[in-house]
Amino acid sequence: MAAVSVLLAGCAGPDFRRGGPPPFVVRTDGPDRSALARWSDFPAGRRPRPVVLLGDPASAGAGFTDGAAKQAFAAKRFSVTAALPAGPATATVALPDGSAELGVIGAAAAVAALARPLAGSAEPVLVLDQVRYAPATFPTDRGPLALPAWQFSGPGVVGAIAWPAVDPAALWRPGGNPDAGTTAVIAGDDRTLTVALLTPAAGGCPGSPAVTFTAEAVASPAAVAVGLRAAGTGPPRDDCASDDVLRYTRYTLVLDAPLGGRVVLGPDGAVIAVRRA
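The numbering scheme is per chain: residues are counted from 1 as the chain's sequence reads. Residue-level local features of this predicted model are given only where pLDDT is at least 70; pairs of side-chain atoms are given and counted only at 80 or more, and the full residue set underlies all totals for whole chains, interfaces and linings. The basis for every side-chain value is the complete set of heavy atoms in the structure, and neither hydrogens nor water enter the calculation.

Draft legend 1. Region of interest: the overall build of the chain. Only DSSP runs of H or I covering at least 4 residues are called helices, and only runs of E covering at least 2 are called strands; the numbering of each starts at the N terminus. From N to C terminus, the chain includes 4 helices and 17 strands. Only protein chains enter the area calculation, which uses a 1.4 Å probe; residues under 20% of their type maximum are buried, those over 50% are exposed, and those in between are partly exposed. Within the chain, the fraction of its 277 residues that count as buried is 45%. Within the chain, contacts between residues separated by at least 24 positions form 75% of all contacts whose residues are at least 6 apart in sequence. To be clear on the numbers: accessible area is Shrake-Rupley with a 1.4 Å probe, and residue cover counts the displayed protein chains and nothing else. Accessible surface for the chain amounts to roughly 12,700 Å². Of this, 58% is attributable to carbon and sulfur atoms. In this analysis, two residues are considered to be in contact whenever any of their non-hydrogen atoms come within 4.5 Å of each other.

Draft legend 2. Inspection of the sheet that holds strand E7 (residues 130-138) at higher detail. Think of it this way: DSSP has to see at least two bridges between two strands before they count as a pair. Within the open sheet, the 3 strands sit side by side as E7-E8-E10. Their pairing is antiparallel. Since the sheet does not close on itself, it has two edges, and those belong to E7 and strand E10 (161-164), each with one partner. Going across the sheet, the axis of each strand differs from the next one's by a mean of 40°, ignoring polarity. Taken together, the 9 bridges between E7 and strand E8 (residues 145-153) define a ladder with antiparallel strand orientation. Within the sheet, the bridge partner assigned to Ala-134 lies in E8 and is Ala-149. Strand contacts of helix H3 (residues 107-114): E7, E8 and E10, with the helix running at about 85° to E8, the strand carrying the most contacts. To get an axis, a line is fitted to the C-alpha atoms, and for a helix only the part in contact is used. The angle between two axes follows their N-to-C directions and goes from 0 to 180 degrees.

Draft legend 3. Structural view of helix H2 (residues 67-75). Along H2, the residues classified as buried are Ala-69, Ala-72, Phe-73 and Ala-75. All buried residues of H2 fall inside an arc of 165° around its axis, so they share one side. Turned more than 90 degrees away from the buried face of H2, the exposed residues are Gly-67, Lys-70 and Ala-74. Considering only its buried residues, H2 is in contact with strand E2 (63-64), strand E3 (78-80), strand E6 (126-128) and E10. Relevant arc is that of directions from the helix axis to the C-beta atoms, nothing else.

Draft legend 4. Molecular detail of the environment of Leu-118. Structurally, Leu-118 can be placed in the loop between H3 and E6. Here Leu-118 falls in the partly exposed class, since its relative accessible area comes to 33%. In this structure the C-alpha to C-alpha distance between Leu-118 and Ser-79, which are 39 residues apart in sequence, comes to 8.2 Å.

Draft legend 5. Representation of the pattern of salt bridges. The term salt bridge refers to a pairing of a side-chain nitrogen on Lys or Arg with a carboxyl oxygen on Asp or Glu at a separation within 4 Å. In this structure the tally under the stated criterion is 8 salt bridges. The salt bridge involving Asp-141 is made with Arg-142; its shortest N-O contact spans 3.1 Å. Both residues of the pair, Asp-141 and Arg-142, belong to the buried class.

Pasting the structure below:
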């Protein structure tokens, strides 16, 4: 997909950062075209559109009481002693493309999806002795989304561990969608996309020409992949000591078709969360 790209001055503000450590290598060879193939079967036009959860679907709540509990959560080693209710059959959920009636899984199915087998390991185990059915907020490719959830708590958990209670058929590859660590904004025309991308230092020093970068996009019916490319050079630089850092910079791309329900992918193929202006 052809796109017009404009570099906006300055670093991105906090509203464009999603957190997490920046990558050690920044690609500047344009969008990751291979990422489009990995999303070729995504039904971007389906209504309701599948929910694209980012990262681990298990929400860790407010944290843990000690390192062993945190380690057990990371390994998904739980001993669930609470009774596991069935819950309702369906729930009405407000999705980005409108409200929909979604199927609901029982607490036992949530535990089966959340936990890993305990046998054959001496790793710490996190005891979960309480469970309740209540909404929780999960990161998605269209921003934070409140979903019905099963929330599990125990002596090692501060707050609760939440797992989506909606039928897996309503979710797209839960656990298999890496978070790009940045966000984008789509304008009201559904074509003007402003995205914060990690931009490398502007060139070698001292005395080397500064390098400028432009953002590009390629697209398929299911996804839009964005990336950076070196676009030209400027006068030699002598400010290296203060300026040779990685920073998030805002780029605006005008897509040649509406974004619609397509997923936006970053330079490394991870998913960028998009919100509407």
